[in-house]
Each structure stands twice: as C-alpha cells, then as structure tokens.
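Descriptive structure summary
Read off the chains here:
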Amino acid sequence: MKYARLSKEQFEELHQEFINFLATQSITADEWQDIKANKPEVAEQELDVFSDLVWEGVLTKAEYLENISPQHIYLFHLAEAQIELIGLKVTNTTIDLTTREGFSWLRENLMDDTVELFQAKKEYSEDKQLDKFALIQQGSVITKGDLFKYFDKLVG
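Just so you know, these numbers come straight off a predicted model, no measurement behind them.

**Here's the deal with the nonpolar core**
- Membership of the largest hydrophobic core comes to 24 residues, with the highest contact counts inside it found for Phe18, Trp32, Trp55, Phe76 and Leu78.
- Of all elements in the fold, only α2 (15–24), α3 (29–38), α4 (40–61), β2 (72–78), β3 (82–90) and α6 (128–137) reach the threshold of two or more residues within this core.
- A total of 5 residues in this core trace back to one element, the largest contributor, which is α4.
- Setting aside chain neighbours within four positions, we find Trp32 in contact with Phe18, Leu22, Ile27, Ala43, Glu46 and Leu47.
- Residues Tyr64, Ile73, Leu106 and Leu147 belong to the second largest nonpolar core, which totals 16 residues.

This is the structure:
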C-alpha cells in the first residue's frame, strides 16, 4: 500500500465509487460478501488498492495545503515542479492562530516583532504525490489556496 487506508467514514462516503471499483474487476455484491467472509486477506487487498486509487486522484488534483497550529501557519502551493511554502510563526504564546481572535490579531499585527514571515521552495522527490501525502500526514489539509494567495500578494 502506497498511502493509507481510507477510514470507515471515508469508505461510507465513497460507497458507490467502491461498488463501481469492484464492478470494474467483475466482482458482484454476492462475490464481495463471499470474499469478505472467506478470504479476508483478499478483501483487505481490495480495500487497500481502492484507497490508493482514491488518494492518487485526490493528490493529483490538490494545489494548496494549509497546516495551522496555535503558533504557526504553513501555507503550501503544490506547483508543477516544486512545493512553495509561506510560513508564519508567532512567538507570542498568548496568541492562538487556530481561533478567530488569534487570526484577527495576526491580520492586524503582521508587522509586529513577534511575527516571523518566511518563504521557501523545495523540489519534489521522485514521487510528487508521496511528498504531498507526507504533508497531509503531518496535519495539512487541502484548500482552495485563498490564504496562500493572500499572503503571496503581501510578501511577493
């Protein structure tokens, strides 16, 4: 397995897609029930293959990621040849950027001495999708990139 198995909730959300996936392999509903009951290792493999296919599709389409914690914001643009990062770090530990108040404080105090703003670029490794997946595993979420674009204009 290249990525991670989808959660039970994700499988439930993608129920119809999973049925279609099984159909492409000529596996009927009855056969699937039989596989689950009598060949659990084969069922596990099918779940893993489907999970990887879903992740591959999601990662291919992802353009922006955000990772926000109380003291930092990491904004990623998943460009064609590299990952671009805009990072913000707040050294004032009374500020929590995950709250509405903390984020409002940041907008009003971007030039404060307790705010560090930096940019970086990193080339992808041999496996671009795995690089993206690693960022998600570390807590990033896929976004439309509004925050990245906003800060890119400020620092650009």
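**Remarks on the sheet that holds β3**
- With antiparallel pairing, 5 strands are arranged side by side in an open sheet as β4-β3-β2-β1-β5. Looking at strand neighbours, the two that pair on one side only are β4 (115–123) and β5 (141–143), the edges of this open sheet. Each adjacent strand pair in this sheet contributes to an overall mean axis angle of 25 degrees, direction not counted.
- As judged from the 9 bridges shared by β3 and β4, these two strands associate in the antiparallel manner. Paired with Val90 across the bridge in β4 is Val115.

**Let's talk about α2**
- Taken together, the buried positions of α2 are occupied by Phe18, Phe21 and Leu22. All buried residues of α2 fall inside an arc of 95 degrees around its axis, so they share one side.
- Of the surrounding secondary structure, the elements contacted by the buried residues of α2 are α1 (8–13), α3 and α4.
- Taken from the residues just after α2, Ser26 is the one with a positive phi, measuring 60 degrees.

**A closer look at the side chain of His72**
- In this structure, His72 sits in strand β2.
- Classification of His72 by relative accessible area gives buried; the value is 19%.
- Among the polar contacts made by the side chain of His72, one reaches the side chain of Ser69 at a distance of 2.7 Å.
- Contact partners of His72, with chain neighbours within four places excluded, come to Asn67, Leu88, Lys89 and Leu97.

**Points about the environment of Gly57**
- Note on placement: Gly57 falls in helix α4.
- Note on Gly57: relative accessible area 31%, which makes it partly exposed.
- Sequence spacing of Gly57 and Phe148 is 91 residues, and the spatial spacing of their C-alpha atoms is 22 Å.

What counts as what
- Residues numbered from 1 in each chain as written.
- Predicted model: local features only at pLDDT ≥ 70, side-chain atom pairs only at ≥ 80, totals over all residues.
- Heavy atoms only, no water.
- Core = buried A, V, L, I, M, F, W, Y, C linked by side-chain atoms within 4.5 Å.
- Buried < 20%, exposed > 50% of the residue type's maximum accessible area, 1.4 Å probe, protein only.
- Helix = DSSP H or I, 4+ residues; strand = E, 2+ residues; numbered from the N terminus.
- Contact = heavy atoms within 4.5 Å.
- Pairing = 2+ DSSP bridges.
- Axes fitted to C-alpha atoms, helices over the stretch in contact; angles between N-to-C directions.
- Arc of directions from axis to C-beta.
- Polar contact = N/O pair within 3.5 Å; in protein donor to acceptor, adjacent residues only side chain to side chain.

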